[in-house]
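The primary structure of each chain is shown beneath.
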Amino acid sequence: LDSTPSPWPTVSHGLAPSPRWGSFSAPLTTNRWWQNLTLGSTEQTINALPYLIRATSAGLQGCTPIKTFAQTFIFTAFNADVTLGAQETLGASTVSDFADLSVTVQWRDGARSMTAPIVQGMPYLTTSYEDYTPRMETVHAILSVNGSGAGIGSVHTGARFEVFMNTNQTWVLYASSPLTLTLDS
């Protein structure tokens, strides 16, 4: 490679890389579909269709896009249908790995971690837990779990849960081993 100094001046960008880049160092990749996960607030949305995704301090948030349009514009709005998080405090997320069509986001606190692989076109929202207690939240009312009533305090045990909400959406939760799902407020 040529060792001749560049004729162009070196300029620092006004928006410095955030800690959400994890252990990656410069030069950092740019113009990625998931780039919003590393910019500004962690509340930025990425489009991994069929879901819109956010990595927040509460966990991995997913929603089915809500189309808003008029004669001169169209956009998709974000409403967190589900949040996959933990009972314990997660803190900020970092990017731990990426490729052309995927990014892996991780929340760490000492030996505990929650990891979420996000892939373009993924049919599932996935998280894996190490020493965290899984938690699923929604802004919607849960009407039933596995076809039975889902009042506050109801308990459901298994490795597969069909969660039916008042939006007429059904989200299916899978666990690698049986667990107890308790509905709270």
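For the structure itself, consult the block above.
Description of the structure in this document.

Basis of the calculations
Residues numbered from 1 in each chain as written. Predicted model: local features only at pLDDT ≥ 70, side-chain atom pairs only at ≥ 80, totals over all residues. Heavy atoms only, no water. Helix = DSSP H or I, 4+ residues; strand = E, 2+ residues; numbered from the N terminus. Buried < 20%, exposed > 50% of the residue type's maximum accessible area, 1.4 Å probe, protein only. Contact = heavy atoms within 4.5 Å. Pairing = 2+ DSSP bridges. Axes fitted to C-alpha atoms, helices over the stretch in contact; angles between N-to-C directions.

## Structural notes on the overall build of the chain
Broken down by element type, the chain carries zero helices and 15 strands. Once the C-alpha set of the chain is aligned to its principal axes, its extents read approximately 70 × 50 × 25 Å. Within the chain, buried positions represent 34% of all 185 residues. Pairs at least 24 apart in sequence give 46% of the contacts found in the chain among residues at least 6 apart.

## Digging into the sheet that holds strand 6 (residues 82-86)
With antiparallel pairing, the five strands of this open sheet are ordered in space as 1-2-3-6-11. At either margin of the open sheet sits one strand with a lone partner, and together these are strand 1 (46-48) and strand 11 (134-137). Between one strand axis and the next, the sheet turns through 25° on average, direction left out of account. Sheet topology note: the strand 1/strand 2 (residues 51-56) ladder contains three bridges and is antiparallel. Among the inter-strand pairings, Asn-47 is bridged to a residue of strand 2, identified as Leu-52.

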